[in-house]
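Below are the chains, spelled out letter by letter.
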Amino acid sequence: MLSEPLVKMRNISKRFGGVTALSGVDLDAYAGEVLAIVGDNGAGKSTLIKILTGVYQPSEGEITLGGETLEMTNHSDAIAKGIDAVYQTLALADHLDPAANMFLGNELTKSFFGIPLLDNKKMRSETERVLFERLGVKLRSMDAATESLSGGQRQAVAIARAVYTEGLRVLVMDEPTAALGPQETARTLKLIEAVKAQGLAVILISHSLDDVFQVADRVHVQRRGQCAGVVKTSESSQQDVLGLIVGAEEAA
Ligand SMILES: Nc1ncnc2c1ncn2[C@@H]1O[C@H](COP(=O)(O)OP(=O)(O)O)[C@@H](O)[C@H]1O
Ligand SMILES: [Mg+2]
């Protein structure tokens, strides 16, 4: 692990009218690690990562990526800087095949006597290549509508689309296993490990401490809009993390 964090969020606060969702939060994420964010409902997890991914602007605070201060006004700004997210809903077009999903809005074209045409063959071979080389995944079918794939394979398509972005450095995943059974969860955790192995910083929001302790290197605990602590999974137990989630006074 590098000694300097790739992502530094500093003193982040966010107010929605009278509601303080975040107050003075610091977060570090390193290249080549999985950082989990855990906490009860309403603790500020989603707001924190929406700020990191440019969806929300902080009321206060600063974000740097590789030492550069980020000024983001929307999610496209974050993608341009190499920060993207895969949400639980995956945002896939279910009726389209995997290659069409992979290149949705970024279709590859070829020129036919000066007329741009979709290059379906290239999109398909690129999709197969990225899935296999970067995630170790071979889809059951490249022709089927994405909705007919298993939960884990759909996840792979969504992750492949994100990691295909040139210069992606940070991948955020909000509850990727929430809707999955045990087998699909195990496959998704493998995908997360594959992305980490490529040197990206992976930030995983999860309610499952089992998942967190299987795949994460460190855990950032959010509680009532603040960071309640950061621990290494190798040096702490699920019980320790649970204690930080509920707070010492309640646990006692
Ligand atoms: N768009 C919003 N408008 C008003 N309040 C919000 C909005 N988004 C989140 N909040 C509030 O901010 C707090 C943190 O929410 P959230 O970040 O979604 O928590 P978590 O993801 O940990 O469940 C909650 O009190 C929530 O009601
Ligand atoms: Mg949330």
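A. Examining the sheet that holds strand S3 (residues 34–38) more closely. Strand order across the open sheet formed by six strands is S6-S9-S10-S3-S11-S12, with mixed pairing between neighbours. Across the chains shown, the open sheet's two edge strands, defined by having one partner strand only, are strand S6 (83–86) and strand S12 (226–232). Each strand of the sheet is rotated relative to its neighbour by a mean of 20°, with strand direction disregarded. In this sheet, strand S10 (residues 201–205) lies alongside S3 in parallel orientation, the contact comprising four bridges. Bridge pairing in S10 links Val34 to Val202. In the packing of helix H6 (residues 182–197) onto the sheet, the strands contacted are S3, strand S9 (170–174) and S10, and the crossing angle to S10 comes to about 150°. Along the sheet, helix H8 (residues 238–246) makes contact with S3, strand S11 (218–223) and S12, crossing S11 at roughly 25°.

B. How the structure looks around the packing of helix H4 (residues 120–135) against helix H5 (residues 151–164). The N-to-C vectors of H4 and H5 enclose an angle of 95°; their axes lie 10 Å apart at closest approach. Relative to H5, H4 is oriented roughly perpendicular. In contact with Glu126, Arg129, Val130, Leu131, Arg134 and Leu135 of H4, H5 contributes Ala156, Val157, Ile159, Ala160, Val163 and Tyr164. Here the contact of H4 with H5 is composed, by residue class, of nine nonpolar, no polar and three charged.

Calculation notes
Numbers given to residues run from 1 along each chain, matching the order in which its sequence is written. As a convention, the first chain written is A and the first ligand written is 1, with the rest following in written order. Residue-level local features of this predicted model are given only where pLDDT is at least 70; pairs of side-chain atoms are given and counted only at 80 or more, and the full residue set underlies all totals for whole chains, interfaces and linings. The basis for the side-chain values is all heavy atoms of the structure; hydrogens and waters are excluded. By definition, two strands form a pair when at least two bridges between them are found by DSSP. Numbering of helices and strands runs from the N terminus, with a helix taken as a DSSP run of H or I at least four residues long and a strand as a DSSP run of E at least two residues long. To get an axis, a line is fitted to the C-alpha atoms, and for a helix only the part in contact is used. The angle between two axes follows their N-to-C directions and goes from 0 to 180 degrees. Residue contacts are defined here by distance: any two heavy atoms, one from each residue, within 4.5 Å place the two residues in contact. Here the word oblique covers every angle except those under 35 degrees (roughly parallel), over 145 (roughly antiparallel) and from 65 to 115 (roughly perpendicular). Amino acids outside the nonpolar list (Ala, Val, Leu, Ile, Met, Phe, Trp, Tyr, Cys, Pro) and the charged list (Asp, Glu, Lys, Arg) are all regarded as polar, and Gly is one of them.

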